[in-house]
Structure formats: C-alpha cells, structure tokens
Amino acid sequence: MRGEALAQEVLRLKRERNAVILAHSYQLPEVEEVADFVGDSLGLAREAQRTRAEVIVFCGVHFMAETAAILNPEKTVLLPDLEAGCSLADSIRPEDVLAWKAKHPDGIVVAYVNTKAEVKALADVCVTSANAVEVVSQLPQDRPIYFVPDMFLGAHVARVTGRRLDLFPGECHVHAGIREEHLKALLEAHPGAEFLIHPECGCGSGCLYLKPDAKMLSTEGMVRYAKGAEAREFVVATEVGILHRLKKEAPEKAFFPVKPDAVCEYMKRITLEKVYLSLKEMRHVVRVPEEVARKARRALEAMVAVG
Ligand code: 13P
Ligand code: SF4
C-alpha cells in the first residue's frame, strides 16, 4: 500500500483505535498531512494533555513521546520508530545534573524539554524554546541556575533575561551546524527578508551582529510570525522540515533556508508506513517508570503552565 491508499488506511485505523496523531513541524509532509495537530514541543505537550483520545500516536522523537506519556499516564502513547532519538537529549546524563546539584545545594535546575525522563526527574522546571525566556525570568534572583543541555538556547536566554546561568555544554548536531558563514550570502541576496532563527542554532550570537532584528523563535513561533508579518521574504535558520508548514500556511510568501541540508535524521525515521504499522499493531508503546515519571511530571506541569 502506498500514497493516498496508505493515508486513508491510517485515518481508518485512527478512528477504529480512538487515536489522535500528533506531529512535530519537522516531520515528513505525508506524515504531517494525516496528523490531527502539527506543532512545536510546547504545543504538542499541551495537545497531548488536552486530547480525549485513548491512544496518542506521536510523530516526533522519543523525548516528545515520553513527555506525552508522563503527562498522560492513563493513555497509550505510541512512537512509530523507537530509533527516533535526539542527539541533544543524548548529550546529558543524570550524573551530570547530580554533580552540579552536589556543588549547589540551593541551585535551580532548568531542563530543556529535549532531555530524557531521568534528567527531567532531577529538574525543578522544564522549558521549551517557546517559553524558556519567560520561565527563567520568573525564577528567584538569589539562587544559582543550571540550564541544561543546550548551550546556544541557554546563552540566548541569559542574554535576553540578563540572568547569570551555568550552562551545560550540550548541542543539537543539526542546529549547531548552522553557522554564520551560511547566512551572510543569503542575507545579502535578500536584503528585504526577515530573519527567523531557532535558538538552538550555532550562529546564535554571530547572526545578531549580521542582522540585529533577527527573530529567535520556536518552530511554531516561526509559522505564527511569518503568517502575520508584512514581509514577503524570510530567511530561515532551523531544520528544513519546517518549510513545508511555512509554505502551506503562508503560501504567498517566500522562504529561504540558511542550510538546505540541515536535516534531522531522527525526525525523518517516522514514515507514513511506520505510522500505519504503529496503529495496526499498537507499537511501540512508550512507558516511563512511575518513580521517574512522578518526579518529571512536576517539572513538566510547570512548563506547560507558562507561555
Ligand atoms: P521546537 O519546540 O521549537 O519545535 O523545537 C524542537 C526541537 O527539537 C528543535 O530541534
Ligand atoms: Fe534533537 Fe536536533 Fe533533531 Fe531537534 S533537530 S530532535 S534537537 S537532534
């Protein structure tokens, strides 16, 4: 089965299972097309909490499915491919957080949602790219803060909030590879374009000197901004899967990726065929041990409440 027939079968199975399909904005276009909701990490976590469906098919990466499972212990969360991981989430271990806590007993740990459940369980609060600035700006002034694991997002949050943050030196291999040198020629070729940049990008501070009015946004923030802005052209620094949504939701505008080969191979492991098999065979169920989930849930509930 392929194409339209496969998509129809996915939709039929979805109804039969009382399932909802949630997809991240970096998913393949054919996967996004069968989804009930496409969004960023914050939107997906909220949608997972809101749904009345019994089954959530999560088209994204493992930490996102884990987040949905932690927030919804009574629901069945399926990830169509268990190999859909995240290099950023893999960069930090619970021991790294415990070592910092041992030195800073009064410290606050802020974990980016791109972490494993065991790391979230040690955090005081989780954040996404959409609400990290707001969450950190609300933290007490007199206690040390450890921001893990993305150092580029952490540096952005420190700059905007003026707070001093201890940064874990983690990065996403896709976004860290988007550098200043990729940007210069594109900005020169499109002088009237607005520049949208994901805060995980390695060109974070460099780009601000090239384009001081750059908009640092989550993937959902980029779609929202592009739809509402007067500009007709946008230079976009993030994983290129976002272009499908941008072109679909703002068809009259033009989008130019800073690095056309910025592709997350983990996100692309989820194919329509695997979504079909996931619903047909109810695989792969993502479970988080209750002891870990209970602790991580506090930090995640604090996250979904902000922004
Ligand atoms: P968003 O929450 O902005 O969609 O980002 C998630 C992610 O994994 C970026 O690489
Ligand atoms: Fe993780 Fe980077 Fe892929 Fe996002 S793009 S899921 S941070 S590896």
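Within every chain, residues take consecutive numbers counted from 1 along the sequence as written. Chains carry letters from A onward and ligands carry numbers from 1 onward, assigned in written order. For a predicted model such as this one, the threshold for reporting local features is a pLDDT of at least 70, and the threshold for listing and counting side-chain atom pairs is 80 or more; totals across whole chains, interfaces and linings nevertheless cover every residue. Think of the side-chain values as coming from all heavy atoms in the structure, minus any hydrogens and water.

A. Molecular detail of the UniProt feature "binding site: [4Fe-4S] cluster" (unreviewed entry) in the protein. UniProt positions are given in the numbering used here, feature names are shortened, and annotations may be inferred rather than shown by experiment. Per the UniProt entry, the sites bearing "binding site: [4Fe-4S] cluster" (unreviewed entry) are Cys86, Cys172 and Cys264 in this numbering. In sequence the annotated residues extend across 179 residues, while in space they remain close, none of their C-alpha pairs exceeding 9.4 Å. Lining residues of the largest cavity drawn from the annotated list: Cys86, Cys172 and Cys264. The contact rule is simple, with two residues in contact once any of their heavy atoms fall within 4.5 Å. Excluding its chain neighbours within four sequence positions, the residues that come into contact with Cys172 are Ser87, Leu88, Asp150 and Glu200. Helix numbers and strand numbers start at the N terminus; a helix is a DSSP run of H or I with at least 4 residues, a strand a run of E with at least 2. The residue Cys264 is located in the loop between strand S12 (254-257) and helix H15 (272-281) in this model. When residues no more than four places from it in sequence are discounted, the contact partners of Cys264 are Val174 and Glu239. Only protein atoms enter the 1 Å grid, on which a cavity is a set of points fitting a 1.4 Å probe that cannot get out and a pocket is an open set with protein on both sides within 12 Å along at least 5 of 7 lines, lining residues being those with an atom within 4 Å of a point.

B. Looking closely at helix H4 (residues 62-71). Buried, partly exposed and exposed residues are distinguished by accessible area as a fraction of the type maximum, computed with a 1.4 Å probe on protein chains only: under 20%, between the cut-offs, and over 50%, respectively. For H4, a buried count of 9 out of 10 residues is recorded, marking the element as mostly surrounded by other parts of the structure. Along H4, the residues that are buried comprise Phe63, Met64, Ala65, Glu66, Thr67, Ala68, Ala69, Ile70 and Leu71.

C. Summary view of empty space enclosed by the protein. Grid points are joined across faces, edges and corners, and a volume is the space filled by probe spheres set on the points. According to the stated counting rule, one finds 1 cavity of 30 Å³ or more in the structure shown. Of the voids in this model, the largest cavity is the one considered here, and its volume is about 220 Å³. Along the walls of the largest cavity sit 25 residues, with Tyr26, Asn114, His175, Glu200 and Met267 positioned nearest its centre. Elements with a contribution of two residues or more to the lining of the largest cavity: H4, helix H5 (87-90) and helix H10 (173-176).

D. Helix H16 (residues 290-304), seen in detail. Expected span of a helix: the number of residues minus one, times 1.5 Å. Counted at 1.5 Å a residue, the expected span for H16 with its 15 residues is 21 Å, and the 20 Å between its end C-alpha atoms agrees. Along its length, H16 shows its largest kink, about 30°, at Arg297. Within the span of H16, buried status applies to Val292, Ala293, Ala296, Arg297, Ala299, Leu300, Met303 and Val304. Residues of H16 that are buried in the fold lie against helix H3 (41-50), H4, helix H7 (117-120) and strand S6 (125-127). Think of it this way: the bend at a residue is just the angle between two axes, each fitted to seven residues, one set ending at that residue and the other starting at it.

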